Amino acid sequence: MLSSSDFASASWELVIQVDHPNEEEQKDVTLRVSGDLHIGGVMLKLVEQINIAQDWSDFALWWEQKHCWLLKTHWTLDKCGVQADAKLLFTPQHKMLRLRLPNVKTVRLRVSFSAVVFRAVSDICRALNIRRAEEVSLLKPSGEYFKKKKRKEKNNKEPIIEDILSLECSPTNSGPPVSPGLYSRTMTPTYDPINGTPASSTMTWFSDSPLTEQNCSILAFSQPPQSPEALADMYQPRSLVDKAKLNAGWLDSSRSLMEQGIQEDEQLLLRFKYYTFFDLNPKYDAVRINQLYEQARWAILLEEIDCTEEEMLIFAALQYHISKLSLSTEIQDFTNEPEVDEVEAALSNLEVTLEGGKADNTLEDITDIPKLADNLRLFRPKKLILKAFKQYWFVFKDTSIAYFKNKELEQGEPVEKLNLRGCEVVPDVNVAGRKFGIKLLIPVADGMNEVYLRCDHESQYAQWMAACILASKGKTMADSSYQPEVLNILSFLRMKNRNSASQVASSLENMDMNPECFVSPRCAKKHKSKQLAARILEAHQNVAQMPLVEAKLRFIQAWQSLPEFGLTYYLVRFKGSKKDDILGVSYNRLIRIDATTGIPITTWRFTNMKQWNVNWEIRQVAIEFDQNVSIAFTCLSADCKVVHEYIGGYIFLSTRSKDQNETLDEDLFHKLTGGQE
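Parameters at a glance
- Residues numbered from 1 in each chain as written.
- Predicted model: local features only at pLDDT ≥ 70, side-chain atom pairs only at ≥ 80, totals over all residues.
- Heavy atoms only, no water.
- Helix = DSSP H or I, 4+ residues; strand = E, 2+ residues; numbered from the N terminus.
- Buried < 20%, exposed > 50% of the residue type's maximum accessible area, 1.4 Å probe, protein only.
- Contact = heavy atoms within 4.5 Å.
- Areas by Shrake-Rupley, 256 points an atom, 1.4 Å probe, with all protein chains shown as cover.
- Pairing = 2+ DSSP bridges.
- Axes fitted to C-alpha atoms, helices over the stretch in contact; angles between N-to-C directions.
- Parallel < 35°, antiparallel > 145°, perpendicular 65-115°, else oblique.
- Left-handed = near helix turned anticlockwise from the far one by under 90°.
- Nonpolar A, V, L, I, M, F, W, Y, C, P; charged D, E, K, R; others polar.
- Phe/Tyr/Trp six-rings, centres within 6.5 Å; stacked < 30°, edge-to-face > 60°.
- Expected span 1.5 Å × (residues − 1).
- Polar contact = N/O pair within 3.5 Å; in protein donor to acceptor, adjacent residues only side chain to side chain.
- 1 Å grid on protein atoms, 1.4 Å probe; cavity = no way out; pocket = protein on both sides within 12 Å on 5 of 7 lines; lining within 4 Å.
- Points joined across faces, edges and corners; volume = space filled by probe spheres on them.
- Salt bridge = Lys/Arg side-chain N within 4 Å of Asp/Glu carboxyl O.
- Core = buried A, V, L, I, M, F, W, Y, C linked by side-chain atoms within 4.5 Å.

As annotated in an unreviewed UniProt entry, the protein chain carries the name Fermitin family homolog 1 isoform X2 and comes from Balaenoptera acutorostrata.

Structure representation (structure tokens):
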């Protein structure tokens, strides 16, 4: 039995700072504790000693020196390793955070600083009514991101007051990562699929979201275009190295905001991190579709992704069309919505889900792999040789292209057979100039073989391009995605088709357009304003009849069809190399790119990956592929954990299926991305 003097010697004083929400200064409270007292007991003693009647349920202990939360309340101080010299802070777990959304709107809401970022982002997305939170993450902007803006603010005498949408009452309490009830497949549509307005009869679905109809419209509708001056003042990456710097700030999804040094009321960027947009549905995803459209729009305006001038005009025409529709009064009028019977809508939705697609020729699709055969022209670039295309008879079957001198020799040996699995497919198109080319970068032992194919017309190009894209992913033309891919390519080509300028001339007279708002500053400098406006209006003729949501989806599809789409860049040094390279991370592959020329050197597919791990001591990522191929690199522009999480995150997202009914395996995500196990 211990005497009272023995107990006194076993106990010690612990000083805890208390973060009072209503007082500016933090107060120190001294407690006498022993090593066998559990964390819950410490907090109970602390609250009793503070003796202020308020709700302390959100408060927890933060350990300054170890940079961690003490959330396991049943653990004793001894088990946690807490001793008398520990600096503990008793502080709320939920704090205010400012988030800059893709549409450049800032929202201020209460976020968990103690939950891992993966869960905190799920709670944020639930508050903003964005489905598929696993595609989204938080990015801490680099110093350059706001640099230009700050320089301009110094010259201005009046300070710029940022328009912040406050969602302070948002219930982003830590709960399950996704709320299946809110997003069940048979629920009543939350939005009108044509114009993206919230269905008035279903605003009750926002019951666990602080979004009012007005706030929803701010997030679900496109904002008026920025002035050319504001656009020129934003940070634009000039090189691949600059683009790599932008991606350095992704937060670690397996650690909390507080553990990563994020301060209360700090500004972070909420962005779509992974470029695999699963199950985009206009009925439920008006906010998600709009924010995706905005992220794509800014990527093109600030030249974070390259596109041709012809493509820039298509994007400009779609932006002009969307901004016109977004400003029209009919769209903003929520009261004219017809009442929808919720049960009836749910039943019709279920009927569509159960009916599925058409089952024509299903047996034929399974047993017979289609092939393409046609005359195309081919060119292989060699030094000091002019670009001369030569015609051959091409046969595309499975995932390979074979070509022969002519059609009659098809049964014999081909001149060459190209296996397209794992290759890079780049469009080489100028519709106005009737040029329909496909550039293939085919991986070989010492790098990439470059091959150019030239088609005669749109439909031939669409069929061969779609087949090449599928083959690069290891799929054949028997795959169900082949026909939609062909149609998608054709619709994008038709948008590029320039109409006669007869109708455009009349509309130029009463034009309400500032054309420099819709193109990148570099593109705007090349053309006079009137000339640019005429070309945008010309391209607009092809999209003028599109409803609002369809136009946004078409913009997203056109963005997805760009060669550089979905590539996130990092500056790395490969093992055994004497110079720095760029590593491009995509949803299905890694690409080694020459940092000075921007030319791809080698591609590695995730499907061929056997394992990957991190040597934390030397901060090196090592990856093993099939056929005894292994690579290792250190990351120079970001922490190696960021790149490791990107690779694991894409592999995690590839496991999703519609049968999962919206629930995610969070443990699997951390296992694939954590890098510690």
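We are not done yet, so read on.
Draft legend 1. The overall build of the protein chain, seen in detail. Within the protein chain, the secondary structure is distributed over 21 helices and 24 strands. Expressed as a percentage of its 677 residues, the buried residues of the protein chain come to 52%. In the protein chain, the proportion of contacts linking residues at least 24 apart, taken out of those at least 6 apart, comes to 65%. As presented, the protein chain carries roughly 33,000 Å² of accessible surface, and 50% of it is formed by carbon and sulfur atoms.

Draft legend 2. Region of the structure containing the sheet that holds strand β22 (residues 609–615). Read from one edge of the open sheet, 7 strands run β21-β20-β19-β18-β24-β23-β22, paired in antiparallel fashion. Two strands in the sheet have a free side with no partner beyond their single neighbour: β21 (600–605) and β22. Taken over all neighbouring pairs, the strand axes of this sheet differ in orientation by 30 degrees on average, direction set aside. As paired elements, strand β19 (residues 581–585) and strand β20 (residues 589–594) share 5 bridges and run antiparallel to each other. Paired with Ile582 across the bridge in β20 is Ile593. Along the sheet face, helix α20 (residues 640–653) touches β18 (568–574), β19, β20, β22, β23 (620–625) and β24 (629–635) and points at about 155 degrees away from the line of β22.

Draft legend 3. Highlighting the sheet that holds strand β6 (residues 94–100). As summarised here, the arrangement of the 5 strands in space is β8-β10-β6-β7-β9, forming an open sheet in which the pairing is mixed. In the strand order of this sheet, the two ends are held by β8 (136–139) and β9 (164–167), each with one partner. Put simply, the sheet's adjacent strands are angled 40 degrees from each other on average, direction ignored. Two elements, β6 and strand β7 (residues 106–112), share 7 bridges in a ladder whose sense is antiparallel. Counted as the bridge partner of Leu97 is Leu109 from β7. Lying on the sheet, helix α4 (residues 117–128) is in contact with β6, β7, β8, β9 and β10 (267–272); it crosses β8 at an angle near 110 degrees.

Draft legend 4. Just the packing of helix α14 (residues 458–472) against helix α15 (residues 482–496), in detail. Relative to each other, α14 and α15 sit at 130 degrees, their axes nearing to 9 Å. Here α15 runs oblique to α14, going by the angle between their axes. In this structure, α14 meets α15 at a crossing whose hand is right-handed. Residues Glu458, Ser459, Tyr461, Ala462, Gln463, Met465, Ala466, Ala467, Ile469 and Leu470 of α14 form the contact with α15, whose own contacting residues are Tyr482, Glu485, Val486, Ile489, Leu490 and Leu493. Of the residues contributing to the contact of α14 with α15, the split by class is 12 nonpolar, 2 polar and 2 charged.

Draft legend 5. Quick peek at the packing of aromatic side chains. Across all of its chains, the model carries 32 aromatic pairs by this definition. Aromatic side chains Trp62 and Trp69 sit 5.4 Å apart centroid to centroid with 65 degrees between the ring planes, which places their arrangement in the edge-to-face category. For the pair Trp62 and Trp69, one class covers both residues: buried. Aromatic pair Tyr274 and Tyr650: ring centres 5.1 Å apart, planes at 80 degrees, arrangement edge-to-face. Of this pair, Tyr274 sits in the loop between β10 and α9 (286–301) while Tyr650 sits in helix α20, and the two are 376 residues apart along the sequence. Neither Tyr274 nor Tyr650 differs from the other in exposure class; each is buried.

Draft legend 6. A look at unusual backbone geometry. A positive phi angle, close to 55 degrees, is found at Arg132, a residue other than glycine. The residue Glu303 is not glycine, and still its phi comes out positive at about 55 degrees. Note on placement: Glu303 falls in the loop between α9 and α10 (309–327).

Draft legend 7. Layout of α15. Its 15 residues give α15 an end-to-end C-alpha distance of 22 Å, which sits within 8% of 21 Å, the value for a rise of 1.5 Å per residue. Within α15 the residues assigned to the buried category are Tyr482, Val486, Ile489, Leu490, Ser491, Phe492, Leu493, Met495 and Lys496. The secondary structure elements touched by the buried residues of α15 are α10, β11 (371–379), β15 (424–430), β16 (435–444), α14 and α19 (548–560).

Draft legend 8. Region of interest: the environment of Thr30. In this structure, Thr30 sits in strand β2 (residues 27–34). Each C-alpha atom, one on Thr30 and one on Gln49, is 9.0 Å from the other, the two residues being 19 residues apart in sequence. With sequence-adjacent residues up to four places away left out, Thr30 is seen in contact with Glu13, Leu14, Val15 and Gln49.

Draft legend 9. Focus on the side chain of Asp581. If you trace the backbone, Asp581 turns up in strand β19. At 2.9 Å, the side chain of Asp581 forms a polar contact with the side chain of Arg592. Apart from the residues lying within four places of it in its own chain, the contact partners of Asp581 are Tyr570, Leu571, Val572, Phe574, Arg592, Ile593, Asp594, Ala595 and Ile601.

Draft legend 10. The arrangement of empty space enclosed by the protein in detail. One pass over the structure, following the stated rule, counts 5 cavities of 30 Å³ or more. Taken as a whole, the second largest cavity spans an internal volume of roughly 70 Å³. Along its surface, the second largest cavity is lined by Val117, Phe118, Val121, Ala133, Glu134, Val136, Ser137, Ser253, Lys273, Tyr274, Glu645 and Phe669. Looking at the lining of the second largest cavity, the elements with two or more residues in it are α4 and β8. In the lining of the second largest cavity, the residues fall into 7 nonpolar, 2 polar and 3 charged.

Draft legend 11. Region of the structure containing the pattern of salt bridges. Evaluation of the coordinates by the stated rule reveals 33 salt bridges. Where Lys95 meets Asp19, a salt bridge forms, and the shortest distance between an N and an O atom there is 3.9 Å. Of this pair, Lys95 sits in strand β6 while Asp19 sits in the loop between β1 (11–18) and β2, placing them 76 residues apart in sequence. The exposure class assigned to Lys95 is buried, which follows from its relative accessible area of 5%.

Draft legend 12. Quick peek at the nonpolar core. Judged by nonpolar contacts, the single largest core of 113 residues is most densely connected at Leu138, Leu257, Trp559, Tyr570, Val585, Ile623 and Ile647. Among residues more than four places away in sequence, those in contact with Ile623 are Leu590, Met609, Gln611, Trp612, Val629, Ser630, Ile631, Phe633 and Ile647. Counting 37 residues, the second largest nonpolar core, distinct from the first, contains Phe436, Ile442, Cys468 and Ile489.

Draft legend 13. Representation of the environment of Leu44 within the structure. Considering the arrangement of structural elements, one finds Leu44 in helix α2 (residues 39–50). For Leu44, a relative accessible area of 53% translates into the label exposed. In this structure, the C-alpha to C-alpha distance between Leu44 and Trp56, residues 12 residues apart in sequence, is 9.8 Å.

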